[in-house]
Amino acid sequence: QAQLVESGGGWTQGGGSLRLSCAASGSIFTINTMGWYRQAPGKQRDLVATITSGGSTNYADSVKGRFTISRDNAKNTVYLQMDSLKPEDTDVYYCHAEGTGWDFNGFDSWGPGTQVTVSS
């Protein structure tokens, strides 16, 4: 099954930019969909953006026009370019991937999360 590791989180001022990366490893046959979610303490984990193996994307309304999701299938890596950041974007961001392993079993995996903080 897949293991995910996020990187690129940190701090920036309002209007700034950050780029998150997430690399998947393990006994992976194929990854169908990868995505980013965010969650504040005591709150629901919400979708930020997803991307399929074919390149179809889906974004939360709150980030449309500001965030861009992309992936490198050869590296099993997904990226989230975040521009024009706002204080309300502050959250822990989690990487997600679903697909099929070489054992022909499906997997649904989450990374440990990375903190994004945007100050006013």
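Rules and cut-offs
- Residues numbered from 1 in each chain as written.
- Predicted model: local features only at pLDDT ≥ 70, side-chain atom pairs only at ≥ 80, totals over all residues.
- Heavy atoms only, no water.
- Phe/Tyr/Trp six-rings, centres within 6.5 Å; stacked < 30°, edge-to-face > 60°.
- Helix = DSSP H or I, 4+ residues; strand = E, 2+ residues; numbered from the N terminus.
- Buried < 20%, exposed > 50% of the residue type's maximum accessible area, 1.4 Å probe, protein only.
- Salt bridge = Lys/Arg side-chain N within 4 Å of Asp/Glu carboxyl O.
- Pairing = 2+ DSSP bridges.
- Axes fitted to C-alpha atoms, helices over the stretch in contact; angles between N-to-C directions.
- Polar contact = N/O pair within 3.5 Å; in protein donor to acceptor, adjacent residues only side chain to side chain.
- Contact = heavy atoms within 4.5 Å.

Evaluation of the coordinates by the stated rule reveals 2 aromatic pairs. Seen in terms of ring centroids, Tyr37 and Trp110 are 5.0 Å apart; in terms of plane orientation they differ by 65 degrees. Their pairing is edge-to-face. Taken together, the residues span a long stretch of sequence, with Tyr37 in strand S4 (residues 28-39) and Trp110 in strand S10 (residues 106-110) at a distance of 73 residues. Owing to a relative accessible area of 37%, Trp110 belongs among the partly exposed residues under this scheme.

Going through the model one piece at a time under the given rule, you end up with 3 salt bridges. For Arg66, the salt bridge identified is with Asp89, shortest N-O distance 2.8 Å. Of the two residues, Arg66 is situated in the loop between strand S6 (57-59) and strand S7 (67-72) and Asp89 in the loop between strand S8 (77-82) and strand S9 (91-101); the sequence distance between them amounts to 23 residues. Residue class for Arg66 comes out buried when judged on its relative accessible area of 10%. Taken together, the salt bridges that share partners define one network made up of Arg38, Arg66 and Asp89.

The subject of this paragraph is the sheet that holds strand S1 (residues 2-7). Hydrogen bonds between backbone groups are what pair the strands of a sheet, and the pairing can be parallel or antiparallel. The strand order S1-S3-S8-S7 describes an open sheet built from 4 strands, whose pairing is antiparallel. Each edge of the open sheet is held by one strand with a lone partner, namely S1 and S7. Geometrically, the sheet is characterised by an average inter-axis angle of 15 degrees between neighbouring strands, direction not taken into account. Here 6 bridges tie S1 to strand S3 (residues 18-26), and the two strands are oriented antiparallel to one another. Residue Gln3 lies in a different strand from S3, and its bridge partner there is Ser25.

This brings us to the side chain of Arg66. Looking at Arg66, its side chain comes within polar contact range of the side chain of Asp89, at 2.8 Å. The residues contacting Arg66, other than those within four sequence positions of it, are Gln81, Met82, Asp83, Ser84, Leu85, Lys86 and Asp89.

This paragraph deals with the pairing of S8. Burial analysis of S8 places 5 of its 6 residues in the buried class, the great majority of the element. Bridge count for S3 against S8 is 6 bridges, and the pairing is antiparallel. Pairing of Leu18 across the sheet is with Met82, part of S8. What sits between S7 and S8 in their antiparallel hairpin is a turn of 4 residues, with Asn76 showing a positive phi close to 50 degrees.

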